[in-house]
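Tertiary structure, described
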Amino acid sequence: MKTKKMYIIDRNKVLIIMALIIWCFFSFRMITAQLKIAFKTYFKICALTLEQKYRLMDGRFYDFMQFCKEKNPEGDSIIFKCAPIDPEFRTQQWFSAEYFLGRSPYYLYPRKIFREKDATPEIKHQIVYDINANTFGLYSR
Amino acid sequence: MLFLRFIFSIFSILITGYIILKLFFHPKERLPFGEIIILAFGIGVGFAGLETLFLSFTKYPLNTGYLLSFQFMLLVIAIFKFKKSFFYWKKSYTDEKVTYSPLTLFFLLIILWEIIYIFLEAFSLPFTAWDAWGNWGFKAKIIFSEKTFPLKLWTELPWIKHPAHLDYPLLIPFTEAYIYFFLGQVHDAFAKLFCSFYYLGIISLFYYHLKKRFNINFVLVSCFCLATIPNILMMAPTGYMEMALIFYITGGIFYIWRYLEEKDISFLSLGSIFIGLGMWTKNEGFSLWLTLFLSSLLMCLLFRLNIDKKRLLISVLFIPLLIFSPWIIFKYIFGLKAEFFASSLQNLVKDLPILLRERMPLIFNILIKNCLDFKKWNILWFGFVFTLIWFLIKPYKKLSMFFIFIIILQIIFDFVIYIIWPVNLFELELHIFNSVDRLLVDIAPLALFFICQQLGKRFDKNYMKGSKI
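About the cut-offs
- Residues numbered from 1 in each chain as written.
- Chains lettered and ligands numbered in written order.
- Predicted model: local features only at pLDDT ≥ 70, side-chain atom pairs only at ≥ 80, totals over all residues.
- Helix = DSSP H or I, 4+ residues; strand = E, 2+ residues; numbered from the N terminus.
- Contact = placed C-beta atoms within 7 Å.
- Core = buried A, V, L, I, M, F, W, Y, C linked by C-beta atoms within 7 Å.
- Buried ≥ 20, exposed ≤ 12 C-beta atoms within 10 Å, placed from the backbone.
- Nonpolar A, V, L, I, M, F, W, Y, C, P; charged D, E, K, R; others polar.
- Pairing = 2+ DSSP bridges.
- Right-handed = clockwise from strand over helix to strand, strands pointing away.
- Domains from an automatic or database assignment.
- pLDDT = per-residue confidence, 0-100.
- Expected span 1.5 Å × (residues − 1).
- Axes fitted to C-alpha atoms, helices over the stretch in contact; angles between N-to-C directions.
- Parallel < 35°, antiparallel > 145°, perpendicular 65-115°, else oblique.
- Left-handed = near helix turned anticlockwise from the far one by under 90°.

Of the regular secondary structure elements, chain B holds 20 helices and 0 strands. Overall size of chain B, expressed as C-alpha extent along the three principal axes, is 65 × 65 × 45 Å. A fraction of 81% describes how many contacts in chain B between residues 6 or more apart in sequence connect residues 24 or more apart.

Structure (C-alpha cells):
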C-alpha cells in the first residue's frame, strides 16, 4: 500500500517537472525576444513625449490629422473618406481604410467625424485620405 | 511632474480602497498586507470610476478637487472612526518556515521581469489596439474634454458609434478620465500604464490564493506560468480591458471559492462586489456572472458544502446585479442595445437548426486550433484537458469542480453567442478570429488555478503535514 502511494507521488512530481520543462522551453524563447525588444527599443522610446510616440505609431497619418485639426474648428462636423473608396473586403487596403476611419475621430475630437453613409446634408467639409500613401508608423498594429 | 501626478492619482485610489475595506471588510483571518493593497486597488478603482460617473450627473464640471472632495470626506470619517488604528492592519502571522529553492528564486526573477516588461511596453507607446483607443480611450477623452458625461453623444450622434460601442459599460473610461483629471491632459501612455496594474493584480491574487494552501516553491512556479501565458502578456500592456475583467472576475471567483472553503462571509461579500465591478468593466462580465451563478447553483445541488446555500446564491445573484443595475437602467432609458443583436433575434428560432449545422464545425475548428497554438497559450489548454481527465478519474479535491463548471459553462456560452451572431459565415469567421483569444483569456487564469489545485497534491501544506484532507 505504501509503495503504491509513493509511486503516485513520484508520478505527480515527474509530471509537473515535465510540464514545467515544456512550459519553460516556450517561455524562454519569448522572454529572450522581450529582452531584445526592451533594450533595443522600449527603453529608448519610453522617455519620448506623447506627440513623438503618436508619430512613431501612426507616421504621416498623425501629421495629417494635426494638419486637419489646424484647418477645422472645434465642434465642426466633417465627413472622413479614404481613397480608393470601397476596397475589397479583408484586403490590406480594407484594413487600412477601417483603421484610418476609426482612428480619425479619436485624433480629431471635438470635431465630429462622420462616415459617408452616416453623413447628413448639413455637413460642409470632408477629408479624403489616400491609403496608398505609405503612412503607417513603425509600431502600427 | 506628470509622473508625480500619476502617482498621486494611484495613491488616491489606493487610499480610497483602503478606507472602504477598513470600514466594511472584516475577515476572520488576518490577511497579508500585500493582499490588502491589491484589494484596495480593485475596490478603489471601482469607487473612483463610479464616483466620476455619478458626479458627472451633477451640474458641476468634473475636476480633481471635486473628485477628491468625496474621498476626503471618506478619509475624515475613517480617521474619526479609527483614530490611531487607521493605518494599523492586523499582520498575518505564520508559524511555517519558508525555504526558497534557487530554482524558484530564478522563477521569481522572471515574474519580476515580466511585470517590469509589461509596465515598460505599456508606457512606451500610446494606445495601439483598436478597442483600447476606439472604445475605452475615446470615451475617456470625451469625458475629460467635456468635464462631464455627455449624455447627448450617447443618444443622438451617429458618428461616435463607429469606433466606440455605446452599449459597453463605462467603469474603465471613467477611471481613465479620473487619471486624466489628475494629469490635467489626455495621455494614452499613462492610461496604459494604469491598466498594467491589473496584470500585477492578477498575479498577486493568484499568488495569495495559492499560498493559502500550497508550498511557496510550487506557488511561485505556478505564478511564473500565469505571468508567462503569451496571450496574457500580449494583452496586458495594450490597454485592452481583458486584464481588468480578469482581475475582477477571477478575483471575485477566488474569493467566493475561499468562502466555500473557509465559510467566512466577508469573502462572499467581497467576491460578489468584485463580480459586480467586473460586470461594469465589459459586457463579457455579464456572461461570466451568469456562469458563476449557474456554477454556484450546480455546486449547491451536487455537493454537501456545509454552508448557508441560500446566502451563497442570493449574494452571487443579487449583489453584482445591484452594483450593475444603474447601467442596466441607463441602457433601458436610452435604448442602447448591442448593434449586432438589435434587429435579428426574432428570426433566430426559425434558423437555429441551420445555424447549428453550419457553424458548429467552424467554431470548433477555430477554437481547437487556437487552444493548441503554443505561441498563444503555451501548453495551458493541453494541460487543462489532461488535468480534467485526471480529475475525473481521481479527483484530489472535489470542490475544484466549481472551476470546471465555470470554464465549461463559459465556453458553452461563447458557442451560443457565435451560433446566434447575426452575420454571414464569412464575417463570422473573421469575428471569431478576432475575439476568440479574448474570450479564452477570460477563463485562462481559472484553468491554471484548477490545474494547480489538482497537480499540487504533493505540495499541499496539509498533505505535507500528513493531515487528512
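Once the structure has been displayed, the description carries forward.
To continue, consider the overall build of chain A. A tally of helices and strands in chain A yields 3 helices and 3 strands. Helices (α) and strands (β) of chain A occur, in sequence order from the N terminus, as α-α-β-α-β-β. Within chain A, counting contacts between residues at least 6 apart in sequence, those at least 24 apart form 79% of the total.

This part covers the nonpolar core. Residues and elements named next belong to chain B. In this structure, Met243 and Ala447 are the most contacted members of the largest nonpolar core, which totals 156 residues. No other element matches the 16 residues that helix H8 (residues 188-211) contributes to this core. In contact with alanine 447, other than residues within four places in its own chain, are Leu380, Phe384 and Ile407.

Residue and element names in this part refer to chain B. Its location among the elements puts threonine 16 in helix H1 (residues 2-24). Remark: the alpha-carbon pair of threonine 16 and phenylalanine 41, spanning 25 residues in sequence, is separated by 8.5 Å. With near-sequence residues (within four places) excluded, threonine 16 lies in contact with Gly44, Phe47, Ala48, Gln71 and Leu74.

Looking now at the interface of chain A and chain B. With 36 residues of chain A at the interface, the matching set in chain B holds 38 residues. Taken together, the elements giving at least two residues each to the side of chain A that touches chain B come down to helix H1 (2-45), helix H2 (50-71), helix H3 (92-108) and strand E2 (112-114) of chain A. Considering each element in turn, the side of chain A that touches chain B owes the most residues, 17 residues, to H1(A). Here the side of chain A that touches chain B is built from residues that sort into 25 nonpolar, 4 polar and 7 charged.

Residues and elements named next belong to chain A. Only one face of strand E1 (residues 77-83) is covered, namely the face carrying Ile78, Phe80 and Cys82; the face carrying Ser77, Ile79, Lys81 and Ala83 is uncovered. Direction of pairing for E1 relative to E2: parallel, over a ladder of 3 bridges. Across the sheet, serine 77 pairs through a bridge with lysine 112, a residue of E2. Note that the unit made of E1, H3 and E2 has a crossover that is right-handed.

Let us look at the domain arrangement of chain A. Size of an interface: often given as the accessible area lost when the parts come together. Taken as a whole, chain A is organised into domain 1 (1-46) and domain 2 (50-130). On a C-alpha basis, the centroid separation for the pair domain 1 of chain A and domain 2 of chain A is 45 Å.

Our focus in this paragraph is the confidence of the model for chain B. Confidence in the prediction of chain B, expressed as mean pLDDT, is 88, and 91% of residues score 70 or more. If you check the scores for this complex, the pTM reads 0.91 and the ipTM reads 0.86.

All names here are of chain B. Within the secondary structure layout, leucine 105 lies in helix H4 (residues 102-124). For leucine 105, a count of 12 C-beta atoms within 10 Å gives the class exposed. Considered as a pair, leucine 105 and asparagine 217 are 112 residues apart in the sequence and their alpha carbons are 8.6 Å apart.

Compared with an ideal rise of 1.5 Å per residue, which puts 23 residues at 33 Å, H4(B) spans 33 Å between its outermost C-alpha atoms and is within 8% of the ideal. Of the residues making up H4(B), those classed as buried are B:Phe107, B:Glu114, B:Tyr117, B:Ile118, B:Phe119, B:Leu120, B:Glu121, B:Ala122, B:Phe123 and B:Ser124.

Residue and element names in this part refer to chain A. Taken in spatial order, the 3 strands make up an open sheet running E2-E1-E3, and their pairing is parallel. Because the sheet does not close on itself, it has two edges, and the strands there are E2 and strand E3 (125-130). Neighbour-to-neighbour, the strand axes of the sheet open up by a mean angle of 35°, direction not taken into account. Those strands touched by H3 are E1, E2 and E3, and its axis lies near 155° from that of E1.

The next thing to look at is the environment of A:Phe114. Note on placement: A:Phe114 falls in strand E2. Placed 92 residues apart in sequence, A:Phe114 and A:Ile22 show a C-alpha to C-alpha distance of 50 Å.

We now examine helix H7 (residues 171-183) of chain B. Residues and elements named next belong to chain B. Helix length check: H7 (13 residues) gives 19 Å between terminal C-alpha atoms against 18 Å at 1.5 Å per residue, within 8%. Among the 13 residues that make up H7, 13 are buried, leaving the element largely enclosed by the rest of the structure. Directly beyond the C-terminal end of H7, a positive phi value near 80° is found at glycine 184.

Once that is clear, we can look at unusual backbone geometry. Excluding glycine, a negative phi dihedral is what most residues carry, and trans is how most peptide bonds are arranged. Residue A:Pro110 is bonded to the preceding A:Tyr109 through a cis peptide linkage, with omega at 15°. Structurally, A:Pro110 is set in the loop between H3 and E2. The backbone phi angle of B:Lys147 is positive, close to 60°, even though this residue is not glycine. As for its placement among the helices and strands, B:Lys147 is situated in the loop between helix H5 (130-146) and helix H6 (151-155). Phi angles above zero are rare outside glycine, and B:Asn378 is one such case at about 55°.

Moving on: the packing of H3(A) against H5(B). The N-to-C vectors of H3(A) and H5(B) enclose an angle of 25°; their axes lie 10 Å apart at closest approach. Classed by the angle they form, the pair H3(A) and H5(B) counts as roughly parallel. With respect to the hand of their crossing, H3(A) and H5(B) are arranged in left-handed fashion. Within the contact between the two elements, H3(A) uses A:Gly102, A:Pro105 and A:Tyr106 and H5(B) uses B:Trp130, B:Trp133, B:Gly134, B:Gly137, B:Phe138 and B:Lys141. For the contact of H3(A) with H5(B), the class distribution of residues is 5 nonpolar, 3 polar and 1 charged.

Our focus in this paragraph is the packing of helix H11 (residues 242-262) of chain B against helix H12 (residues 265-281) of chain B. Residue and element names in this part refer to chain B. Viewed as axis vectors pointing N to C, H11 and H12 meet at an angle of 160°, and their least axial separation amounts to 7 Å. Relative to H12, the element H11 is oriented roughly antiparallel. Here H11 and H12 pass one another in a crossing that is left-handed. Facing H11, whose interface residues are Ala244, Leu245, Tyr248, Ile249, Gly251, Gly252, Ile253, Tyr255, Ile256, Arg258, Tyr259 and Glu262, H12 presents Phe267, Leu268, Leu270, Gly271, Ser272, Phe274, Ile275, Leu277, Gly278 and Thr281. Class assignment of the residues belonging to the contact of H11 with H12 gives a composition of 14 nonpolar, 6 polar and 2 charged.

On to the confidence of the model for chain A. The predicted model of chain A averages 82 in pLDDT, with 87% of residues at 70 or higher. The weakest mean pLDDT in chain A belongs to H1(A) at 83; the strongest belongs to H2(A) at 90.

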